[in-house]
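Letter by letter, the chains look like this.
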Amino acid sequence: MSATNHEPRTRGRLAALLAPPLLWLVLAYLGSLAVLLLSAFWTTDPFTSDVVHTWTTDNFRDILTTPVYRTVALRTLGIAVAVTLLDALLALPMAFFMARVAAGRLRRALLVAVLTPLWAGYLVKAYAWRVMLGEHGIVNAALAPLGLHGPGYGTAAVVLVLAYLWLPYMILPVQAALERLPAHQLEASADLGAGTVRTLRSVVAPAVRPALLAGSVFTFSLSLGDYLTVQIVGGRTQLLGNVIGSQVTLDLPLAAALSAVPVALVVCYLAAVRRAGALDSL
Amino acid sequence: MHLTRTARIVLGCLTAAGLALIYLPLLLVLLNSVNADPSFAWPPRALTGEWWSRALHSAGARDALWTSLRAGLGATAVALLLGSLAAFAVHRHRFFGRQTVSFLIVLPIALPGIVTGIALNAAFRTVLAPLGIGFGLFTVVVGHATFCVVIVFNNVAARLRRTAPSLAEASADLGARPWQTLRYVTFPVLRPALFAGALLAFALSFDEVVVTTFTAGAGTKTLPIWIYENLARPHQAPVVDVLAALLIALSVIPVYAAQRLSSDTAGGRL
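Owing to the predicted nature of the structure, the values given are computational and were not obtained by experimental measurement.

Novice: What is the right way to read the overall build of chain A from this model?
Specialist: Summing up its helical and strand segments, chain A has 12 helices and two strands in all. With the principal axes as the frame, chain A shows a C-alpha extent of 75 × 75 × 30 Å. Taking all contacts inside chain A whose residues are at least 6 apart in sequence as the whole, residues at least 24 apart take part in 69%.

Given below as structure tokens:
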């Protein structure tokens, strides 16, 4: 296909294919981000909360010099990493079972079972956890005979609920990658004398890594920007999303400048996983 | 690699435990939709059908559902068109900036919803408002379509990657015009991927809260926005659980259909 690429007809076709999606993304999306970034350099009238179009870098200086923003940014990053690791840990055995042990109807039923909760509604599920984690909720009721107490509302609950909400986004790409792994590669590995651990390390891991990274794009960035789950089960925990959300109506330029923090984190993350080939298998 | 019997059993148990964890909150939602105590006291003391009858007669819920359906269909239609075009461009051609295009398509879903939301809000206010276009269903569709493109793109791209281009070339060699090749060769091959992509894009739009909050304006209420407003009210919360229970029950149909249609590709790919 690349041999014919320089023909004018192919180039015309490529332009026709690319123009609509690129125009949409550049105009509707990058344009909006540019407007937002631009407003980060403006300021707000302290009495009316109206945006004043005076060019200033004060917002960025405030963010870099205020310790509370640094604490919130680090906490958000930590929670996003914890959620991603927890999801990877939960997804691997499930995806492995679905792809390499279950077959036929069972495999299809398991995929449906993993996909269905995506339709139940983010808010409904987060509230279900609020009810479960409450003082008289089912979690405490179940742990009481063991002499234990649930995490209640707070950072641990946020990690737990976010990991719950994004788990299907991690299972599905890993399952797909494992299913694609040809059986004869695994057999060849065994024939050549590799044990289970060696095969897992040398054959399965390289095949799963891009899929794990692709799943982590969802779990990491969705956690990084979440603010509703934090409101629902976070207790007094604040994340970047909450800080941005609380500033939107009060001080839009500051909210815009704060938005640059998760944007920078996500862009760095995407650039890193792209090098590992994760975006190709997303 | 030969999995021992023990390994298979352990994996099976872990999967069962994972699924139990996934479904426990959903079962609770179902139970609370008939729990007579509106504050969801555990264990429930009495059961009631009141919430179900209230939910089925709620005009607000019905309007919100209708708005969500229209927004989801609009966003899915735009995403199907743009996502397929982009997938063809990236997977059937080699060009400068190809990596940047895939990066650009992933960006709207990778960036936090609140950032996308306030960016679109600021842009709509500065660009669309002077043109006389206010916030409403149109702005919601624009916002949703932007992050739904990646879903269709991924599904179609995955399918294209597995389909030899020689199929379309053979069709051309046999004298088919480009649209004939598209109609009789390419489209049938892509149909399951398009269906799975459309379904996931619709689901994503249907459940979106944050971007919707910032792009909907006062008069447009999607189902998640309605749910958000009502979950905090003690006497409406069980009605929301009824809606959720209904959606879970109904979702099995499209999810199963998509699974059957795309089972020969990678399954419901995100």
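What follows continues from the structure just given.
Novice: Honestly, the overall build of chain B in this entry has me stumped. Any pointers?
Specialist: A count of helical and extended segments in chain B gives 11 helices and zero strands. Shown N-terminal to C-terminal, the secondary structure of chain B runs as helices and strands in the order α-α-α-α-α-α-α-α-α-α-α. Here chain B, with 270 residues, has 55% of them falling under the buried criterion. Here the analysis covers contacts within chain B between residues at least 6 apart in sequence; of these, 72% occur between residues at least 24 apart. Per element, the accessible surface of chain B, about 11800 Å² overall, is 68% carbon and sulfur. Distance between charge centres in chain B, computed from 20 positive and 10 negative side chains, equals 9 Å.

Novice: How do you make sense of the side chain of Thr-116 of chain A when you look at a structure like this?
Specialist: Inspection of the secondary structure puts Thr-116 of chain A in the loop between helix 4 (104-115) and helix 5 (122-133). For Thr-116 of chain A, a relative accessible area of 3% translates into the label buried. Within the local environment of Thr-116 of chain A, its side chain forms a polar contact with the backbone oxygen of Val-112 of chain A, the two atoms lying 2.6 Å apart. The residues contacting Thr-116 of chain A, other than those within four sequence positions of it, are Tyr-23, Ile-248, Ser-251, Val-252 and Val-255 of chain B.

Novice: Where do I start with the UniProt feature "domain: ABC transmembrane type-1" (unreviewed entry) in chain B in this structure?
Specialist: In the numbering used here, UniProt assigns the "domain: ABC transmembrane type-1" (unreviewed entry) feature to residues 65-258 of chain B. End-to-end, the C-alpha atoms of residues 65-258 of chain B are 22 Å apart, and along that stretch the chain is 81% helix and 0% strand.

Novice: What is the right way to look at the nonpolar core in this model?
Specialist: For soluble globular proteins, nonpolar side chains are generally found buried alongside one another. Counting residues in hydrophobic clusters, the biggest one holds 167 residues, and the most contacted among them are Leu-123, Ile-171, Leu-178 and Leu-270 of chain A together with Ile-105, Trp-226 and Ile-227 of chain B. Element by element, the count of residues in this core is highest for helix 7 (residues 155-180) of chain A, at 17 residues. If we skip the residues at most four places from it in the chain, Trp-226 of chain B touches Ser-58, Gly-60, Ala-61, Ala-64, Lys-221, Val-239, Val-240 and Leu-243 of chain B.

Novice: Is there a simple way to think about a nonpolar patch on the surface in this case?
Specialist: Residue and element names in this part refer to chain B. On the surface, Val-127, Leu-131, Ile-133 and Phe-138 cluster together into a nonpolar patch covering about 390 Å² of accessible area. Following the sequence through the fold, Ile-133 ends up in the loop between helix 5 (113-128) and helix 6 (137-162). Take Ile-133: its relative accessible area is 35%, and that puts it in the partly exposed class.

Novice: Sorry if this is basic, but what is going on with the pattern of salt bridges here?
Specialist: Side chains bearing opposite charge may pair, as long as their charged atoms lie close to each other. All names here are of chain A. Counted under the stated rule, the structure contains four salt bridges over all chains. As a salt-bridge pair, Asp-58 and Arg-61 come within 3.6 Å of each other at their nearest N and O atoms. Within this pair, Asp-58 and its partner Arg-61 are both found in helix 2 (residues 58-65), separated by three residues, close to a single helical turn. The exposure class assigned to Asp-58 is partly exposed, which follows from its relative accessible area of 37%. Arg-61 gets classed as exposed once you look at its relative accessible area, which sits at 51%.

Novice: Can you help me understand the UniProt feature "transmembrane region" (unreviewed entry) in chain B in this one?
Specialist: Residues and elements named next belong to chain B. The positions UniProt marks with the feature "transmembrane region" (unreviewed entry) are residues 71-90, 102-124, 130-153, 193-217 and 237-257. Structurally, residues 71-90 is divided into 100% helix and 0% strand, and its ends, taken at the C-alpha atoms, are 28 Å apart. Between the first and last C-alpha atoms of residues 193-217 the distance is 34 Å; the span itself is 80% helix and 0% strand.

Novice: I keep staring at the interface of chain B and chain A and nothing clicks. Help me out?
Specialist: Many descriptions give the size of an interface as the accessible area lost when the pieces come together. If you look at the interface, chain B gives 93 residues, while chain A gives 92 residues. Summed over both sides, the interface between chain B and chain A buries roughly 8700 Å², with carbon and sulfur atoms accounting for 78% of that surface. Summed over the shared surface of chain B and chain A, the result is zero salt bridges. Linking chain B with chain A are seven residue pairs in polar contact (both at pLDDT 80 or more). Along the lines of polarity and charge, the residues of the side of chain B that touches chain A split into 65 nonpolar, 18 polar and 10 charged.

Novice: Please explain the UniProt feature "transmembrane region" (unreviewed entry) in chain A as it appears in this structure.
Specialist: Taken from the UniProt record, the annotation "transmembrane region" (unreviewed entry) applies to residues 21-42, 77-97, 109-132, 152-172, 211-234 and 254-273 of chain A. Helix makes up 100% of residues 254-273 of chain A and strand 0%, whereas the separation of the span's terminal C-alpha atoms amounts to 30 Å.

Novice: Any chance you could explain the side chain of Thr-219 of chain A here in plain terms?
Specialist: Residues and elements named next belong to chain A. Assignment of secondary structure puts Thr-219 in helix 9 (residues 196-225). The class for Thr-219 is buried, based on a relative accessible area of 0%. Discounting chain neighbours no more than four positions away, the residues touching Thr-219 are Val-83, Thr-84, Asp-87, Trp-166 and Met-170.

Novice: What's the story with helix 7 of chain A in this structure? I'm lost.
Specialist: Residues three or four positions apart in an α-helix share a direction because the helix packs 3.6 residues into each turn. All names here are of chain A. For helix 7, spanning 26 residues, the distance from its first C-alpha to its last is 37 Å, which sits close to the expected 38 Å at 1.5 Å a residue. The largest bend along helix 7 reaches roughly 50° and is located at Trp-166, with the proline Pro-168 sitting one to four residues downstream. With 21 of 26 residues buried, helix 7 lies mostly within the body of the structure.

Novice: Teacher, can you tell me more about the confidence of the model for chain B here?
Specialist: For any part of a model where pLDDT is low, the fine detail of the predicted coordinates should not be relied upon. All names here are of chain B. Taken as a whole, chain B shows an average pLDDT of 84; of its residues, 95% reach a score of 70 or greater. Within chain B, no element has a lower average pLDDT than helix 11 (residues 237-262), which sits at 78, and none a higher one than helix 3 (residues 59-92), at 92. Predicted confidence is poor over residues 264-270, with pLDDT under 50, and the contacts of this stretch with residues over four places away or in other chains come to 33 contacts. Complex prediction metrics read pTM 0.86 and ipTM 0.83.

Novice: Would you mind going over the UniProt feature "domain: ABC transmembrane type-1" (unreviewed entry) in chain A with me for this structure?
Specialist: UniProt marks residues 73-271 of chain A with the feature "domain: ABC transmembrane type-1" (unreviewed entry), using the numbering shown here. Within the segment residues 73-271 of chain A, helix and strand shares are 80% and 0% respectively, and the terminal C-alpha atoms sit 20 Å apart.

Novice: How do you make sense of the packing of helix 3 (residues 67-101) of chain A against helix 11 (residues 240-248) of chain A when you look at a structure like this?
Specialist: A pair of packed helices is captured by two measures, namely the crossing angle of their axes and the spacing between those axes. Residue and element names in this part refer to chain A. Two elements in contact, helix 3 and helix 11, have axes separated by 8 Å at closest approach and are oriented at 130°. When the interaxial angle is binned, helix 3 and helix 11 end up oblique. For the pair formed by helix 3 and helix 11, the contact residues are Tyr-69, Val-72, Ala-73 and Thr-76 on the first element and Leu-240, Val-243 and Gln-247 on the second. Tallied by class, residues from the contact of helix 3 with helix 11 come to five nonpolar, two polar and no charged.

Parameters at a glance
Residues numbered from 1 in each chain as written. Chains lettered and ligands numbered in written order. Predicted model: local features only at pLDDT ≥ 70, side-chain atom pairs only at ≥ 80, totals over all residues. Heavy atoms only, no water. Helix = DSSP H or I, 4+ residues; strand = E, 2+ residues; numbered from the N terminus. Contact = heavy atoms within 4.5 Å. Buried < 20%, exposed > 50% of the residue type's maximum accessible area, 1.4 Å probe, protein only. Areas by Shrake-Rupley, 256 points an atom, 1.4 Å probe, with all protein chains shown as cover. Lys, Arg positive; Asp, Glu negative; His and termini not counted. Charge placed at Lys NZ, Arg CZ, Asp CG, Glu CD. Polar contact = N/O pair within 3.5 Å; in protein donor to acceptor, adjacent residues only side chain to side chain. UniProt positions renumbered as here; feature names shortened; annotations may be inferred. Core = buried A, V, L, I, M, F, W, Y, C linked by side-chain atoms within 4.5 Å. Patch = residues over 30% accessible without salt bridge, like charges linked within 9 Å, V, L, I, M, F, W, Y side chains within 5 Å. Salt bridge = Lys/Arg side-chain N within 4 Å of Asp/Glu carboxyl O. Buried area = accessible area lost by both parts, 1.4 Å probe. Nonpolar A, V, L, I, M, F, W, Y, C, P; charged D, E, K, R; others polar. Expected span 1.5 Å × (residues − 1). Bend = angle between axes of the 7 residues up to and from the residue. pLDDT = per-residue confidence, 0-100. Axes fitted to C-alpha atoms, helices over the stretch in contact; angles between N-to-C directions. Parallel < 35°, antiparallel > 145°, perpendicular 65-115°, else oblique.

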